[in-house]
Amino acid sequence: MIRIKRAFAIALLSLSASASWAADGEAMLSSQCASCHNLTGPAPATLQALRERKGPDLFYAGNKYKAQWMVQWLQKPQRIRPAGMFYVNHVKDGAEGDAIDDGGLTAHPALAAAAAQAVTDALMQRKARDDLIRAGAYTPGTLSKSMGEMLFDKFRGCLACHEIEPGYGGLSGPEVYTAAARLQEDYIVSYLRDPQAWDPKIFMPNRHLSDSDLQKFVHYFRALGQEVKP
Ligand code: HEC
Ligand code: HEC
């Protein structure tokens, strides 16, 4: 009985600790993050709003990111979009094609561990667009890195916009070598099926991928993540 009571007390304590962390996280979000991130939705409805977006939308963060990745990244942010949020704002013509003009790109604010945990708790509660997520849409499987690369590059033309290792690939989208660590698998399936359902004005093309291709891309990102240590 005493043991049960103690377990109950501990459970209550940790419950209220995480609730107050999330509350601290909410306060931090509105004072330190809302100037660049949309925390309430909806996504940009016009090209101009897309172009002016200062950071990725976080109002459906709980359906998109892996919490463990977020806690780490917020303490030690590393660039995900090589040319910033809207690449034409940061790309200039170079002798060998596009080159990044990183004069205008600034480092992301880094947080201490407790703060990173608190904002992550608060962000993971944002579950907008549940309607687009099907739990279990991704079925774990494998694909060789070379087959994945053929699909990503030659067959579907994704490499034109995404890097598959630091310095190799296109610059206008987020790198994908940390995509599997960063993003929930079921989100990747949903996003690749219809990027504009999440973000109506985004210029990532809808390639009308088959379910088999959707699965293969996630297998590939997982394989990439095991081999590329950014
Ligand atoms: C000055 C603008 C700015 C502020 C302030 C800012 N961010 Fe960001 N944030 C960005 C940009 C730009 C990116 C994209 C970084 C990249 O692609 O490398 C980003 C990326 C992120 C990501 C990764 C998501 C993704 O898909 O790239 C998270 C999580 C995040 N920010 C959380 C926060 C939190 C939490 C705060 C407040 C403590 C915050 N940000 C404050 C601009 C900002
Ligand atoms: C014309 C450029 C372009 C092409 C081609 C393209 N993408 Fe994208 N992709 C983007 C942009 C832009 C985003 C969203 C960037 C953002 O949210 O900041 C994106 C987002 C993504 C994301 C989500 C990444 C994240 O961190 O949010 C994945 C995964 C992805 N693309 C995979 C693919 C795959 C697979 C293909 C090929 C079938 C492909 N892309 C083709 C531009 C492109």
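One structure accompanies this document, and this report is about it. (Residues numbered from 1 in each chain as written. Chains lettered and ligands numbered in written order. Predicted model: local features only at pLDDT ≥ 70, side-chain atom pairs only at ≥ 80, totals over all residues. Heavy atoms only, no water.)

**Details of the overall build of the protein chain**
The helix and strand tally for the protein chain stands at 9 helices and 4 strands. Reading the protein chain from its N terminus to its C terminus gives the helix and strand order α-α-α-β-β-α-α-β-β-α-α-α-α. Across the 230 residues in the protein chain, those meeting the buried criterion constitute 40%. The long-range fraction of contacts in the protein chain, counting pairs at least 24 apart against all pairs at least 6 apart in sequence, stands at 67%. When the accessible surface of the protein chain is split by element, carbon and sulfur atoms take 57% of a total near 13000 Å². (Helix = DSSP H or I, 4+ residues; strand = E, 2+ residues; numbered from the N terminus. Buried < 20%, exposed > 50% of the residue type's maximum accessible area, 1.4 Å probe, protein only. Contact = heavy atoms within 4.5 Å. Areas by Shrake-Rupley, 256 points an atom, 1.4 Å probe, with all protein chains shown as cover.)

**A closer look at the site of ligand 1**
What surrounds ligand 1 is a group of 22 residues, the closest being Cys33, Cys36, His37, Tyr65 and His108. The separation between a nitrogen atom of ligand 1 and a polar side-chain atom of His37 is 2.8 Å. Measuring from an oxygen atom of ligand 1, one finds a side-chain N or O atom of Tyr65 at 2.6 Å. Within the residue set of the shell around ligand 1, elements represented by two or more residues are helix 1 (2-33) and helix 3 (67-75). Broken down by element, the shell around ligand 1 gets its largest block of residues, 4 residues, from helix 3. Residue classes in the shell around ligand 1 are distributed as 15 nonpolar, 4 polar and 3 charged. (Near = heavy atom within 4 Å. Polar contact = N/O pair within 3.5 Å; in protein donor to acceptor, adjacent residues only side chain to side chain. Nonpolar A, V, L, I, M, F, W, Y, C, P; charged D, E, K, R; others polar.)

**Let's talk about the site of ligand 2**
The local shell around ligand 2 holds 21 residues, among which Arg81, Cys158, Cys161, His162 and Met204 are the closest. Measuring from an oxygen atom of ligand 2, one finds a side-chain N or O atom of Arg81 at 2.7 Å. Measuring from an oxygen atom of ligand 2, one finds a side-chain N or O atom of Arg182 at 2.8 Å. Breaking the shell around ligand 2 down by element, the ones donating at least two residues are helix 7 (185-193) and helix 9 (211-227).

**Examining the environment of Gln117**
Among the secondary structure elements, Gln117 is positioned in helix 4 (residues 113-124). Classification of Gln117 as partly exposed rests on a relative accessible area of 26%. Spatially, the C-alpha atom of Gln117 lies 9.5 Å from that of Gln75, the residues being 42 residues apart in sequence.

**Structural notes on the coordination of the iron atom of ligand 2**
Protein coordination of the iron atom of ligand 2 is provided by His162 (NE2) and Met204 (SD), with donor distances spanning 2.0 to 2.1 Å. If you look at the iron atom of ligand 2, its 6 donor atoms make angles of 87 to 179° with each other, and the shape they trace is octahedral. Pair noted here: His162 is in the loop between helix 5 (145-155) and strand 3 (163-165) and Met204 is in the loop between helix 8 (195-198) and helix 9, with a separation of 42 residues, a long-range link. (Donors = N, O, S within 2.8 Å, 3.2 Å for Na, K, Ca; no water. Tetrahedral: all angles 85-135°; square planar, octahedral: opposite > 155°, others 65-115°.)

**Side note on the nonpolar core**
Grouped together as the largest cluster of nonpolar side chains are 52 residues, with contacts concentrated most on Met70, Phe152, Phe217 and Phe221. Counting residues per element, the ones that place at least two in this core are helix 1, helix 3, helix 4, helix 5, helix 6 (179-182), helix 7 and helix 9. A total of 7 residues in this core trace back to one element, the largest contributor, which is helix 4. Look past the residues within four positions of Met70 in its chain and what remains in contact with it is Ala61, Tyr65, Thr120, Leu123 and Met124. (Core = buried A, V, L, I, M, F, W, Y, C linked by side-chain atoms within 4.5 Å.)

**With respect to the packing of aromatic side chains**
Under the criterion given, the structure shown has 13 aromatic pairs. Aromatic side chains Phe86 and Phe203 sit 5.8 Å apart centroid to centroid with 90° between the ring planes, which places their arrangement in the edge-to-face category. Taken as a pair, Phe86 in the loop between helix 3 and strand 1 (91-94) and Phe203 in the loop between helix 8 and helix 9 lie far apart in primary sequence, 117 residues in all. On the accessibility criterion, Phe86 (12% relative accessible area) is buried. For Phe203, a relative accessible area of 37% gives the class partly exposed. Cluster of aromatic residues (ring-pair linked, three or more members): Phe59, Tyr60, Tyr187, Tyr191 and Trp198. (Phe/Tyr/Trp six-rings, centres within 6.5 Å; stacked < 30°, edge-to-face > 60°.)

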